[in-house]
Structure formats: C-alpha cells, structure tokens
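Chain residues, written in single-letter form:
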Amino acid sequence: MAVSLKVNIGGLEMQNPVTTCSGTFGFGPEYAPFMDLNRLGAITVKGTTLEPRPGNAPPRLVETPAGILNSVGLENPGVDSLITTTMPYLRNFQVPVIVNIAGNSLEDYQELAARLEGVPGISALEVNISCPNVKKGGMAFGTDPCAAQDVISGVKKNTSLPVIAKLSPNVTDIVAMAQAAQAGGADALSLINTLLGMAIDIEQRKPILANIMGGLSGPAVKPVAVRMIWQVSQAVSLPIIGMGGITNWQDAVEMILAGATGVAVGTVNFINPRAAIEIIQGIEGYLEQHGYQDVNEIVGLAWKRQQG
Ligand SMILES: Cc1cc2nc3c(=O)[nH]c(=O)nc-3n(C[C@H](O)[C@H](O)[C@H](O)COP(=O)(O)O)c2cc1C
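Residues numbered from 1 in each chain as written. Predicted model: local features only at pLDDT ≥ 70, side-chain atom pairs only at ≥ 80, totals over all residues. Heavy atoms only, no water.

Some thoughts on the sheet that holds strand β11 (residues 195–198)
One key point about sheets: their strands pair by backbone hydrogen bonds, in either a parallel or an antiparallel sense. Ordered by their spatial adjacency, four strands build an open sheet running β5-β6-β14-β11, and the pairing between neighbours is antiparallel. Unpaired on one side and paired on the other, β5 (61–64) and β11 mark the two borders of the sheet. With strand direction ignored, the average angle separating the axes of adjacent strands in the sheet is 35°. Judged from the three bridges that link them, strand β6 (residues 67–70) and strand β14 (residues 213–217) form a sheet pairing that is antiparallel. By the bridge assignment, Asn70 is partnered in β14 with Gly215. (Pairing = 2+ DSSP bridges. Helix = DSSP H or I, 4+ residues; strand = E, 2+ residues; numbered from the N terminus. Axes fitted to C-alpha atoms, helices over the stretch in contact; angles between N-to-C directions.)

Details of the site of the ligand
Close to the ligand lie 22 residues, the nearest being Ser22, Lys166, Gly218, Gly245 and Thr267. Asn128 has a polar side-chain atom sitting 3.1 Å from an oxygen atom of the ligand. Taking Gly245, its main chain carries an N or O atom lying 2.7 Å from an oxygen atom of the ligand. For the ligand, the protein covers 97% of the area, taking 610 Å² as the surface of the free molecule. Split into classes, the residues belonging to the shell around the ligand amount to five nonpolar, 15 polar and two charged. (Near = heavy atom within 4 Å. Polar contact = N/O pair within 3.5 Å; in protein donor to acceptor, adjacent residues only side chain to side chain. Areas by Shrake-Rupley, 256 points an atom, 1.4 Å probe, with all protein chains shown as cover. Nonpolar A, V, L, I, M, F, W, Y, C, P; charged D, E, K, R; others polar.)

As for unusual backbone geometry
The linkage connecting Pro58 with the following residue, Pro59, adopts the cis geometry, with an omega of -5°. As for its placement among the helices and strands, Pro59 is situated in the loop between β4 (43–44) and β5. Note the cis peptide between Leu191 and Ile192, where omega equals 20°. Positionally, Ile192 belongs in the loop between β10 (188–191) and β11. Phi at Leu74 is positive, roughly 55°, even though this residue is not glycine. Tracing the backbone through its elements, the reader meets Leu74 in the loop between β6 and α1 (79–90). Leu74 gets classed as buried once you look at its relative accessible area, which sits at 8%. For Ile212, which is not glycine, the phi torsion reads 70° and is therefore positive. Residue position: Ile212 is located in the loop between β13 (206–207) and β14. (Buried < 20%, exposed > 50% of the residue type's maximum accessible area, 1.4 Å probe, protein only.)

Encoded structure:
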C-alpha cells in the first residue's frame, strides 16, 4: 500500500511535508526549469514588505565551512508586485503558496495581512519576526515574547488564513517565544531562521559583509534546529515546519522525528535546485522501508519513544 505523505499545518493542507525556505527559492519561476513545482507540498516565497526594498549593500554573502552567511536584508519588489505579478504566475500551479511577510512596525504587519486578505492563491501567511538583517523590526519582534505575541495577534485580526510564526534562534529561551506566538493565536510555527554571525577578512582586517553581521544558514545550523524543534514540539501544541540546514532526506526525517510536521528546504537549493524533490522521494522511501503508512506516525517519534 502506498504511504500517505499528507500533512495539515494549522489548517494548511499539504500533499507532502516539504516546502521551501523563504528567500532561498525566489518567487517560484526561478526554480520552475528544474522541477515540476506541483510536486512540492507548498511553495514559501521570498519575504515581502509593504514597499519595495533594494536590500543591503554588497558584499552580502560569505561562504563558511558548512554553510553561508547572508545579509541580503529583505530585498523584494513589495506587496503590490506580489499581488499583481507573483500570484497570477503561481495560480497556474496546484500547489499551496505560503507568503512570508516582514515589517518595521506592528502596523506594517497588520497592513500586509489586510492587503493580502482575499488574494486568490495564497494558502497561509508566514510571519517573519526573525530577520537578523534589518535595522528596524525583524528580529526585534522575534526576541521579545510580548512583541512577538502582539505582532501575531495583530496579523490574526486582519486575516482569515492560517498564520505561521517564524521564530528566531537568536534567543536563550525558544520555548518562551513559541508560547508567546501560541498565545498570540498562531496556527503553526516555523523554526529556525538564521543564526546571527560574522566573518572578518584577515588581509583587509575588516568585516567581509558590508552590513558587518549576517545570518548563518546551511548544514552548520542543523543541530541547533533539531534541538529547538525537539524542545518546542514538546512544549506547545502547534504544528511545526522545521528548517535549518536540511541537505538531504535523512536530515528531513531527523527533523520530523524531532517533532516537525513539515520541513522546509533552504540553502541547499543554491547547490542542488532539485533537492526538495529528492527529499520528498527520500521521505517516502524511508516510510516504506520501515513499514509506516503515514508520515504523521513518525512526527516527534524520537521523544515519544523516550517517553513511551
Ligand atoms: C539568502 C537567504 C535569504 C533569506 N531570506 C529570508 C526571508 O526573506 N524571510 C525569512 O523568513 N527567512 C529568510 N531566510 C531564512 C531561511 O528561510 C531559513 O529559515 C534559513 O536559511 C535556515 O534554513 P537553511 O539552513 O536550510 O537555509 C533567508 C535565508 C537565506 C540563506
């Protein structure tokens, strides 16, 4: 019997647990030459703000031994372009679209939710309260539980879509942040965003990134992500989209066993644009090989087993 890969992330129905990490998959068309986008569980698009943003000055990308540091700074064409250009393109596919939103203030987030309400083809909002690369807003909301709760409840008031709170790993107590998002009415959580880092050019004797600091992603951050998913999934009842350093299906299965219901594929897209498809196939193969009929059977199994 074929295994079922279907998951429900806070009201968002996905045919399989795999989506893309915001900012690593463009708005969809960039990856269409490499795969049938319809095979994804969902597409999560680049972070969208009210106004177009040019992002930070270059250099804004540094390779590290097991990942990258980026300080892109939410470069995007703004919400009007998302509504008039991106969404008409994505409506050609049968794949749910998660729109990632970011703002400088509570009002920005609320207005974004209101502008996106009723736009055909959008299946969920992912609220980025965790960007380390913008001066105002961003991570400031994601490191203060009260501010996080306010942003999520503000967005909830202005949307009928499932709201996914994207949490920052740059905190000492990730469970407190998850509980605050839950108290604000979040339907699901995404974790993790990038870890704040920096790199120095030793010949020039100055920081490499023009923005000085950036967000670390890729395989280096995976153990941090697994640990946070493990902690949060036991503390709150919300479904989690796990991300951070997933490179292959084994990494994705590890995150599901830690407690993630969905997974998102990010930095690896830059070296293998078909990674998400290979990961869907790999998860299916793992379930078949181990005699599971439904991917939901293994969500959090690593800690459920310990308890059981
Ligand atoms: C170049 C780049 C741009 C990103 N842009 C966004 C963004 O706009 N919004 C957001 O919520 N996260 C953004 N992220 C974070 C990713 O969505 C993801 O949370 C993080 O990279 C961890 O996953 P990974 O290690 O698989 O890349 C970005 C990451 C990278 C590498």
